[in-house]
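Here are the chains, one letter per residue:
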Amino acid sequence: MSELVRELLIALGEDPHREGLLNTPARVAAWWRDFLSPDPSAMATCFTETHASDQLVVVGGLNVWSLCEHHMLPMKLDAHVGYLADRTVLGLSKFGRIAQRHAGRLQVQERFTRQLADEVAAAIGSEDVAVTVHGVHLCMSMRGVRMEAARTTTLHTGGRFRTDPVLSQQFLTVAGQWRAV
């Protein structure tokens, strides 16, 4: 990968041997390897909690960076996950780890939203999961139409979130409290 970055610098009219660029190919290659290698060992840990029956749990502010697979430019994603705890709760740090795992690849926001919802649903053993993601896409902000204020929102609802409009609205209200993007 370092050699590809060196070739890119040459194609851009730069001298990869000049002082400021001497170690750039190695640094860029190291960043790509690190970014595209999230920790796959983080397992979702659930705990029995008898006092959590039909309780809405919302974890928000899950801020991750990903790369648009169409332009390979960064996108900042701010995810919020809700689920119904039915005597089982998912360890809070696991939400961030799940989000990081799915963000650490070439991605589109729509797929990321669904992957986050699917993994949480599998971990808790229930389809009663809702996920909303707000994204800033540099492929739209700094190239093409260059609309810096543009934001994209995706929403996935499963189980009772899909069939119960009151529950769905409760989730959206609580998730709307975070606006980090």
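Look a little higher up for the structure.
Structural notes, computed from the coordinates. (Residues numbered from 1 in each chain as written. Predicted model: local features only at pLDDT ≥ 70, side-chain atom pairs only at ≥ 80, totals over all residues. Heavy atoms only, no water.)

Bringing the overall build of the protein into the picture now. When helices and strands are tallied, the protein shows 7 helices and 5 strands. Secondary structure elements of the protein occur, N-terminal to C-terminal, as α-α-β-β-α-β-α-β-α-β-α-α. If one aligns the C-alpha atoms of the protein with their principal axes, the spans along those axes are about 65 × 35 × 20 Å. Taken across its 181 residues, the protein has 40% of its residues classed as buried. Sequence separation of at least 24 residues holds for 67% of the intrachain contacts in the protein that already meet a minimum separation of 6. Counting only carbon and sulfur atoms, one obtains 54% of the accessible surface of the protein, whose full area is about 10,200 Å². In the protein, which carries 18 positive and 19 negative side-chain charges, the distance between the mean positions of the two groups comes to 2 Å. (Helix = DSSP H or I, 4+ residues; strand = E, 2+ residues; numbered from the N terminus. Buried < 20%, exposed > 50% of the residue type's maximum accessible area, 1.4 Å probe, protein only. Contact = heavy atoms within 4.5 Å. Areas by Shrake-Rupley, 256 points an atom, 1.4 Å probe, with all protein chains shown as cover. Lys, Arg positive; Asp, Glu negative; His and termini not counted. Charge placed at Lys NZ, Arg CZ, Asp CG, Glu CD.)

Next up on the list: the packing of helix α3 (residues 92-103) against helix α4 (residues 109-124). Helix-helix packing: each pair is described by the crossing angle between the helix axes and the interaxial distance. At a minimum axis separation of 10 Å, α3 and α4 run at an interaxial angle of 140°. Considered as vectors, α3 and α4 are oriented oblique to each other. α3 and α4 meet at a crossing whose hand is right-handed. Taken together, the residues of α4 that come into contact with α3 (itself represented by Phe95, Ile98, Ala99, Arg101, His102 and Ala103) are Phe112, Gln115, Leu116, Glu119 and Val120. Of the residues contributing to the contact of α3 with α4, the split by class is 7 nonpolar, 2 polar and 2 charged. (Axes fitted to C-alpha atoms, helices over the stretch in contact; angles between N-to-C directions. Parallel < 35°, antiparallel > 145°, perpendicular 65-115°, else oblique. Left-handed = near helix turned anticlockwise from the far one by under 90°. Nonpolar A, V, L, I, M, F, W, Y, C, P; charged D, E, K, R; others polar.)

Moving on, we come to the environment of Asp39. Considering the arrangement of structural elements, one finds Asp39 in the loop between α2 (24-35) and β1 (46-68). Placed 16 residues apart in sequence, Asp39 and Gln55 show a C-alpha to C-alpha distance of 30 Å.

Over its 12 residues, α2 extends 16 Å from the first C-alpha to the last, a length consistent with the 16 Å expected when each residue adds 1.5 Å. Every buried residue belonging to α2 is among Thr24, Pro25, Ala29, Trp32 and Phe35, and all of these are buried. The buried residues of α2 all sit within an arc of 135° when viewed along its axis, so they share a single face. Lining the buried residues of α2 we find α1 (2-11), β1 and α3. (Expected span 1.5 Å × (residues − 1). Arc of directions from axis to C-beta.)

Ordered by their spatial adjacency, 5 strands build an open sheet running β3-β1-β2-β4-β5, and the pairing between neighbours is mixed. Lying at the two open borders of the sheet, with one neighbouring strand each, are β3 (106-107) and β5 (152-157). Against the sheet, α3 contacts β1, β2 (74-90) and β3, and its axis sits at roughly 30° relative to β1. Across the sheet, helix α7 (residues 165-175) is in contact with β1, β2, β4 (129-137) and β5; its angle to β1 comes to roughly 55°. (Pairing = 2+ DSSP bridges.)

Turning our attention to unusual backbone geometry. Here the phi dihedral of Met72 falls at roughly 55°; this positive angle occurs in a residue that is not glycine. Relative to the elements of secondary structure, Met72 occurs in the loop between β1 and β2.

This next bit is on a nonpolar patch on the surface. Together, Leu36, Met72 and Leu106 make up an exposed nonpolar region whose accessible area comes to about 240 Å². Looking at where Leu106 falls in the secondary structure, it is placed in strand β3. (Patch = residues over 30% accessible without salt bridge, like charges linked within 9 Å, V, L, I, M, F, W, Y side chains within 5 Å. Salt bridge = Lys/Arg side-chain N within 4 Å of Asp/Glu carboxyl O.)

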